[in-house]
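# Structural description and commentary
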Amino acid sequence: MNRTPRITNRVILTLLGLFMTALGLHGLLLAAVPSYAAGWRGLADRVGAAFTRLLEDTTLEGQRDSWLWIVVSVVMIVLVLLMVWWMAVQGQGKTGIFAREFREEGTRGIVELSSAVPEQTLKAALAGRPDLVTVSVTSWSVPRHDAGLRVKVQPRLGAAPYRIAEDIASLVVDMDAILGAAGPVVIHLATGARTRMSRAERVR
Amino acid sequence: MSDDDRRKLQSHELHSARSTAAVIAALLVTAVCLYFMFEAAMKSLGQDVWIRSPGEWGTWLTGLPDSADPLVLAAGSLVVLALGLFFLLHGILPGRRARHAIPQERAIVVVDDGVLASTLARRARTQAGVTPEQVVVIVTRNHVSVQLRPTSGIGIDAAAVHAAVEDEIRTNHIEPAPAVKVHVAETGVVGQ
């Protein structure tokens, strides 16, 4: 439910992967195949000469170096900033406010429900269950919808998944009616260290 | 929520977002950029460059393979190739998580395969009448493999176990329903 830019991740990873694979293959061929290396030398000499000419053309009078290097530095800075942004947006989207509404009539003002409300409600409702080891509930902001809930539970070894899912879903339906917000809900039945350490579920 | 949104959210839960690979790639690109900026800055300040200035790197590149030790070049290329394949495969493979979905009206429900395995193991164990240590269940996307070690002298009805495990998958509405394979070991263990 987080807002990780999945498509961006895939596209950049694929492009970078293709580039580095090509670079690695090129290096290996240079080291191993003499005829390929000879071909590369011919091409590289021409490209190198063209680049040197370009550098000379872009050097202003009285300056030591070409202004192309400044352009390159700017591109690098932009690239670094983009990479920092890319890292920062991974896994974003958790919210502390479950719902917020502006009231016009009566006492005017904004009513805010902290995300602790649905989280604590669900946790308290599930606390007594013997077939769950841990319960964690988080709220996520979802574009064009009410805030979403992610319910992660670790069932005891051997517990029946469908029954747990149905019970949690019916709790969620009850809570929708009380809180007046019905965003998307994800129920995740997970394994973890706590499940393996705790005793198994008895047959019911 | 529309069906489209539901499907999207469910597929997000069942597939990896590739965050780890993305962060590794971002760090790598940042490091390379910062290195070249550092060298360029050293050069423009009139200081000695650290390894080579960007221009000298260009000359070095066109001078390959004579400008580098062939062994170092090959080893470096292998590292770059391996990293490239790592990123490429993370970019194009579906990246399915070891999870199954359970259809539910109000919520999107996903189950880790480990949870499912323990449920199926309990059912197989009660059907076969053996202890938990005698059952191993492995769940993958399309297959469930149940391995049983019978108690010495007491046979196991593999067909009944098969039917029980399939029934458990059906009653839990697992999607997509995996095919069940039961294997009873030739040798038994001393029962408890």
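Quick note: structure is the one above.
Reading the values: rules and limits
Residues numbered from 1 in each chain as written. Chains lettered and ligands numbered in written order. Predicted model: local features only at pLDDT ≥ 70, side-chain atom pairs only at ≥ 80, totals over all residues. Helix = DSSP H or I, 4+ residues; strand = E, 2+ residues; numbered from the N terminus. Buried ≥ 20, exposed ≤ 12 C-beta atoms within 10 Å, placed from the backbone. Contact = placed C-beta atoms within 7 Å. Pairing = 2+ DSSP bridges. Axes fitted to C-alpha atoms, helices over the stretch in contact; angles between N-to-C directions. Nonpolar A, V, L, I, M, F, W, Y, C, P; charged D, E, K, R; others polar. Parallel < 35°, antiparallel > 145°, perpendicular 65-115°, else oblique. Left-handed = near helix turned anticlockwise from the far one by under 90°.

## A look at the overall build of chain B
Each helix and strand counted, chain B has six helices and five strands in total. By residue count, 31% of the 192 residues in chain B fall in the buried class. Considering only residue pairs separated by 6 or more positions, chain B has 59% of its internal contacts joining residues 24 or more positions apart.

## Description of the sheet that holds strand 4 (residues 148-155) of chain A
Here we have five strands laid out as an open sheet, ordered 3(A)-4(A)-5(A)-2(B)-1(B), and mixed in their pairing. One side of each edge strand has no neighbouring strand; the edge strands of this open sheet are strand 3 (132-140) of chain A together with strand 1 (99-102) of chain B. Mean inter-strand twist for the sheet, computed between neighbouring axes without regard to direction, equals 20°. Pairing of strand 5 (residues 185-189) of chain A with strand 2 (residues 108-112) of chain B, which is carried by four bridges, proceeds in the parallel orientation. If you follow Leu-189 of chain A over to strand 2 of chain B, its bridge partner there is Val-111 of chain B. Across the face of the sheet, helix 1 (residues 3-14) of chain B comes into contact with strand 5 of chain A together with strand 1 and strand 2 of chain B while running at roughly 15° to strand 2 of chain B. Lying over the sheet, helix 5 (residues 113-128) of chain B contacts strand 4 and strand 5 of chain A together with strand 1 and strand 2 of chain B, oriented at roughly 70° with respect to strand 2 of chain B.

## With respect to the interface of chain B and chain A
Counting from both sides, the interface comprises 58 residues of chain B and, opposite them, 59 residues of chain A. Elements represented by at least two residues in the side of chain B that touches chain A include exactly helix 1, helix 2 (19-44), helix 3 (54-62), helix 4 (70-92), strand 2 and helix 5 of chain B. For the side of chain B that touches chain A, the element with the highest residue contribution is helix 4 of chain B, accounting for 16 residues. A per-class count over the side of chain B that touches chain A returns 36 nonpolar, 17 polar and five charged.

## Some details on the packing of helix 1 (residues 6-32) of chain A against helix 2 of chain B
Running from N to C, helix 1 of chain A and helix 2 of chain B point in directions that differ by 50°, and their axes come no closer than 10 Å. Viewed along their axes, helix 1 of chain A and helix 2 of chain B adopt a mutual orientation that is oblique. Crossing of helix 1 of chain A over helix 2 of chain B shows left-handed handedness. Across the interface between the two elements, Asn-9, Ile-12, Leu-13 and Leu-16 of chain A of helix 1 of chain A pack against Ala-21, Ala-22 and Ala-25 of chain B of helix 2 of chain B. Partitioning the contact of helix 1 of chain A with helix 2 of chain B into residue classes produces six nonpolar, one polar and no charged.

## Structural notes on the sheet that holds strand 4 (residues 143-148) of chain B
All names here are of chain B. An order of 3-4-5 is seen for the three strands of this open sheet, with the pairing classed as mixed. At either end of the open sheet lies a strand with only one pairing partner, and these are strand 3 (135-139) and strand 5 (179-184). Mean inter-strand twist for the sheet, computed between neighbouring axes without regard to direction, equals 15°. Pairing geometry for strand 4 and strand 5, over six bridges, is parallel. If you follow His-143 over to strand 5, its bridge partner there is Ala-179. Where helix 5 meets the sheet, it contacts strand 3 and strand 4, and its direction lies at approximately 145° from that of strand 3. Lying over the sheet, helix 6 (residues 158-171) contacts strand 4 and strand 5, oriented at roughly 150° with respect to strand 5.

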